[in-house]
Amino acid sequence: MGITARGLGLLVAAVVLLGVGFRYAYPELTVLGAAAAVAVGYALVTAAWRPRLTVERSAEPDRVARGEPASMTVTVRNTGRLRAANLVAQDRCGDALVPVPLLRLRPGRDTTVRYEVPTRRRGVVPVGPLRVTRRDPLGLVALARPYGGTVPVWVHPRIHPLTAVPTGAGRSLDGRVDSVPHGSITFDSLREYVVGDELRRVHWRTSARVGELMVRENVDTSLPRIVVALDNRAVAHPERVDGVAESFESGCEAAASVVAATIREDLPVTLLMVSPDAEDPTGGGGPLDRLAAVELADGGVDVLRTAMSRLRQERLGDTLIFLTGPGARGELGHVGALRGAYPSGVVGVLGATDRTPPGAAGLVVVDAADGAEFAAEWDGSRRW
């Protein structure tokens, strides 16, 4: 409960008038002071009355890409028996307050307000609760109470079309490493020739070495498994524009583009953050929801080293896509150490204004100013 400036002034005046009236026996001042005190008391009782309201809200839609339109519909219903007059309501939408008119809302009636949710920035926009302020007719006291819960609107990074989906790599017993774009038949073992075998399956090099015909046994390899690692350390994205690390936003767009392309092709994909502590534990769970909620985190090369060690030990896939910013160019050697565990991969440096020196840590590096340029320069067959 809050007393307005007018109410505070009237309360002080009531105390002064009552004190002076009783002290110096001025009944007129005493009456005025008592009237002022009664007015403040009436205001307190009036504002303390709690209106019975129910709030329903729905987002249309609740998940959008950055820059796409999204709206929130709020319905407020008066479930009480008395008219709730002199109410001022505001709905919280992110950092902004949206007015919701509730004047003369009769019992059993409702009012609906629809407004646009800002989607200019990637993130999770919390909408709600509704803040209803009850005022007395004299404007002496204002009491604000929350109604309804909070509904999140997920603003995903923009998704840019890739020129090709990522490819995996299949290893054969004769030492070659072949690209596996969508799963394929690949060499598994050798056996002796049996009448009826196709001659095109004869492995002539081994046959010449052992002195008898040997044929290939082929199996259907598994689909390529893609691992997308996003560097969300603040040191990797040092530049700020109006307090926003645009290189990190571009990295989120690049990650979303790769994830969307692999899911569209029914390929398994795993999304990891270099610093998982910066992820929202209440996130939606999907990779795009995680990319909407992730934030920059503190941490130096030790955090990167820990993440790379985890990737090397767990071997979560066969194709690694590591996305970082210009601030991490001097640390790419830690990524290069994964070439033995991941037969194919590429490093994307987002927010780059210049080119990474050729052959940096033996990696294939794509320098891009933003997510759209990364998608345009992407080549799914490139690997280290």
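Residues numbered from 1 in each chain as written. Predicted model: local features only at pLDDT ≥ 70, side-chain atom pairs only at ≥ 80, totals over all residues. Heavy atoms only, no water.

> Please give an account of the overall build of the protein chain that cites residues and values.
Across its full length, the protein chain carries 8 helices and 19 strands. Residues classed as buried in the protein chain amount to 44% of the 384 residues present. Considering only residue pairs separated by 6 or more positions, the protein chain has 69% of its internal contacts joining residues 24 or more positions apart. In the structure as shown, the protein chain presents an accessible area of about 19400 Å², 54% of it carried by carbon and sulfur atoms. (Helix = DSSP H or I, 4+ residues; strand = E, 2+ residues; numbered from the N terminus. Buried < 20%, exposed > 50% of the residue type's maximum accessible area, 1.4 Å probe, protein only. Contact = heavy atoms within 4.5 Å. Areas by Shrake-Rupley, 256 points an atom, 1.4 Å probe, with all protein chains shown as cover.)

> Explain the side chain of Thr111 residue by residue, including any values.
Tracing the backbone shows Thr111 in strand β7 (residues 110-116). In this structure Thr111 comes out as buried when scored by relative accessible area, which is 18%. Setting aside residues no more than four positions away along its own chain, Thr111 makes contact with Val74, Thr75, Val76, Pro101, Leu102 and Leu105.

> I'd like to hear about the sheet that holds β7, residue by residue, with values.
Read from one edge to the other, the open sheet built from 3 strands follows the order β2-β4-β7, with strand pairing classed as antiparallel. At either margin of the open sheet sits one strand with a lone partner, and together these are β2 (53-60) and β7. Strand-to-strand twist in this sheet, taken as the mean axis angle between neighbours without regard to direction, amounts to 15 degrees. Bridge count between β2 and strand β4 (residues 71-78): 8 bridges; the pairing is antiparallel. By the bridge assignment for β4, Glu56 is matched with Thr75. (Pairing = 2+ DSSP bridges. Axes fitted to C-alpha atoms, helices over the stretch in contact; angles between N-to-C directions.)

> Could you give an account of the sheet that holds strand β17 (residues 319-324), naming the residues involved and the relevant values?
Backbone hydrogen bonds hold the strands of a sheet together, and the pairing may be parallel or antiparallel. Overall, parallel pairing links the 5 strands, which are arranged β16-β15-β17-β18-β19 in an open sheet. In this open sheet, the two strands that pair with only one neighbour each are β16 (269-273) and β19 (365-368). Averaged over all neighbouring strand pairs, the angle between strand axes comes to 15 degrees, with direction disregarded. Packed onto the sheet, helix α4 (residues 246-264) meets β15 (226-230), β16, β17 and β18 (344-350) and runs at close to 170 degrees relative to β15. Helix α6 (residues 301-314) contacts β15, β16 and β17 of the sheet and is inclined by roughly 170 degrees relative to β17.

> Just give me the short version of a nonpolar patch on the surface, but keep the residues and values in it.
Residues Ile3, Leu8, Leu11, Val12, Val15, Val16, Val20, Tyr24 and Tyr26 make up a contiguous nonpolar surface patch of about 810 Å² in total accessible area. Per element, the largest residue contribution to the nonpolar patch is 7 residues, and it comes from helix α1 (residues 5-24). In this structure Tyr24 comes out as exposed when scored by relative accessible area, which is 52%. (Patch = residues over 30% accessible without salt bridge, like charges linked within 9 Å, V, L, I, M, F, W, Y side chains within 5 Å. Salt bridge = Lys/Arg side-chain N within 4 Å of Asp/Glu carboxyl O.)

> So what's going on with unusual backbone geometry? Which residues, and what values?
The linkage connecting Glu60 with the following residue, Pro61, adopts the cis geometry, with an omega of -10 degrees. Tracing the backbone shows Pro61 in the loop between β2 and β3 (63-65). Gly128 connects to Pro129 through a cis peptide bond whose omega is 0 degrees. Residue placement: Pro129 occurs in strand β8 (residues 123-135). Phi at Asp242 takes a positive value of approximately 55 degrees, unusual for a residue other than glycine. Along the chain, Asp242 turns up in the loop between β15 and α4. Classification of Asp242 by relative accessible area gives exposed; the value is 76%. Phi is positive for Asp266, close to 60 degrees, though the residue is something other than glycine. Relative to the helices and strands, Asp266 resides in the loop between α4 and β16.

> Now, about the packing of aromatic side chains: what can you tell me, with residues and values included?
Counted under the stated rule, the structure contains 0 aromatic pairs. Sitting above the plane of the Tyr24 ring, Arg23 keeps its charged end 5.2 Å from the centroid. (Phe/Tyr/Trp six-rings, centres within 6.5 Å; stacked < 30°, edge-to-face > 60°. Lys NZ or Arg CZ within 6 Å of the ring centre and 35° of its normal.)

> An account of the pattern of salt bridges is needed here, citing residue identities and associated values.
Close approach of charged atoms lets side chains of opposite charge pair. All told, the structure shown has 18 salt bridges when counted by the stated rule. Across the pair Asp91 and Arg57 runs a salt bridge whose closest N-O atoms are separated by 2.7 Å. Placement of the pair is Asp91 in strand β5 (residues 87-93) and Arg57 in strand β2, with a sequence separation of 34 residues. Residues Asp91 and Arg57 agree in their burial class; the two are buried. A single salt-bridge network, built from bridges that share partners, covers Asp62, Arg63 and Asp289.

> Break down the nonpolar core for me, citing the residues and quoting the values.
By size, the foremost hydrophobic cluster in this structure holds 49 residues, and its most contacted members are Leu311, Leu323, Val347 and Phe374. Those residues within four positions of Val347 in sequence are excluded, and the remaining contacts are Phe322, Thr324, Leu332, Val335, Leu363, Val364, Val365, Val366 and Trp384. Core analysis: the second largest hydrophobic core is formed by 24 residues, Ala89, Val113, Val125 and Val132 among them. (Core = buried A, V, L, I, M, F, W, Y, C linked by side-chain atoms within 4.5 Å.)

> Quick one: what's the story with α1, residue by residue and with numbers?
In a regular helix each residue adds 1.5 Å, so 20 residues correspond to 28 Å; α1 covers 28 Å between its end C-alpha atoms and thus fits that length. Listed in full, the buried residues belonging to α1 are Gly7, Ala14 and Gly21. Along the axis of α1, the buried positions cluster into a sector of 65 degrees, meaning they face one direction only. Opposite the buried face of α1, at more than 90 degrees from it, the exposed residues are Ala5, Val15, Arg23 and Tyr24. As for α1, its buried residues are in contact with β1 (2-3) and α2 (27-48). Looking one or two places after α1, you find Ala25, whose phi comes out positive at around 60 degrees. (Expected span 1.5 Å × (residues − 1). Arc of directions from axis to C-beta.)

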